[in-house]
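Examination of the molecular architecture
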Amino acid sequence: MGTDKQRRTLILSVFFSSLGPIITLVAVFMSNASTQVADFIRRSVELFVLIMALIVYQKLKSPQLSDQRKQTYKTIMSLSLIIVLSITTMSLLTLVIYNINVREVPEGTVWLGLLIAFLGVFFNGAFWWRYSAFDNATPHMVMRSQKKLYQAKTLVDINVVLVLGSIWVFNQAAFVYYLDIIGTLIVAFYIGWRTIRSMTELKKRV
């Protein structure tokens, strides 16, 4: 029964996370805030990671799976994650450099991105608690990775709420430009940190 609950939670994670990139993509066209673009890229990458986690979890459940095959699946998941996170980090840093050169104060409406980030704090916090309970009850590689992912997702969503909330309240104020740059950098550094962590964990297993 416990395993069924874990699988259902993974499926729910993928379902709720699949809505994020769609809604934030619409939000990107409503505002030129780079934090909005960064949030869209971040949610798209995290959706890929969640789908990979569900696939690996399903594969690891097979009783016929050899230890070598299990290690192969874990390595494939880690390498895919590292490649995608690396490309994403470079893309976000390029976006920051572009915005520093253009020096454009964010304009447009950010309420949709703010709403999805606010809901993200609630839902991601709930999933963080759920995966922590699973991993504490029965330690599992996928549950542990999801716990860490949702911890980071919750903290980043809090950052996005603060930045987009400031842009919404202080629209067109000069300092909002700097808040937007800082918000994008925070998301970029978060993804960069996850890249380094993933590389370190892969080295330990190889």
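For the structure given in this document, a descriptive report is provided here. Bear in mind that the values here come from a model prediction, so they are computed numbers and not experimental data.

What follows covers the overall build of the chain. Within the chain one finds 6 helices and 0 strands. Taken against the 2.2 N^0.38 rule, which gives 17 Å for 206 residues, the C-alpha radius of gyration of the chain at 18 Å falls within 12% of a compact globule. Counting only C-alpha atoms and orienting by the principal axes, one finds that the chain spans roughly 60 × 30 × 25 Å. The proportion of buried residues among the 206 residues of the chain is 44%. Sequence separation of at least 24 residues holds for 84% of the intrachain contacts in the chain that already meet a minimum separation of 6. Element-wise, carbon and sulfur atoms account for 70% of the exposed surface of the chain, whose accessible area totals about 10800 Å². Both charge centroids of the chain, one from 21 positive and one from 10 negative side chains, sit 12 Å from each other.

What follows covers the packing of helix H2 (residues 34-60) against helix H3 (residues 67-102). Where H2 contacts H3, the two axes come as close as 10 Å, and the packing angle between them is 180 degrees. The angle between the axes of H2 and H3 places the two elements in the roughly antiparallel class.

Along the chain, the position of Thr24 falls in helix H1 (residues 2-28). In this structure Thr24 comes out as buried when scored by relative accessible area, which is 0%. From its side chain, Thr24 meets the backbone oxygen of Pro21 in a polar contact 3.2 Å long. If sequence neighbours within four positions are ignored, Thr24 has contacts with Asp39, Phe40, Arg43 and Ile116.

Here is what the cut-offs are and how they apply
- Residues numbered from 1 in each chain as written.
- Predicted model: local features only at pLDDT ≥ 70, side-chain atom pairs only at ≥ 80, totals over all residues.
- Heavy atoms only, no water.
- Helix = DSSP H or I, 4+ residues; strand = E, 2+ residues; numbered from the N terminus.
- Rg over C-alpha atoms; globule rule 2.2 N^0.38 Å.
- Buried < 20%, exposed > 50% of the residue type's maximum accessible area, 1.4 Å probe, protein only.
- Contact = heavy atoms within 4.5 Å.
- Areas by Shrake-Rupley, 256 points an atom, 1.4 Å probe, with all protein chains shown as cover.
- Lys, Arg positive; Asp, Glu negative; His and termini not counted.
- Charge placed at Lys NZ, Arg CZ, Asp CG, Glu CD.
- Axes fitted to C-alpha atoms, helices over the stretch in contact; angles between N-to-C directions.
- Parallel < 35°, antiparallel > 145°, perpendicular 65-115°, else oblique.
- Polar contact = N/O pair within 3.5 Å; in protein donor to acceptor, adjacent residues only side chain to side chain.

Function-wise, these values are silent; they only describe arrangement.
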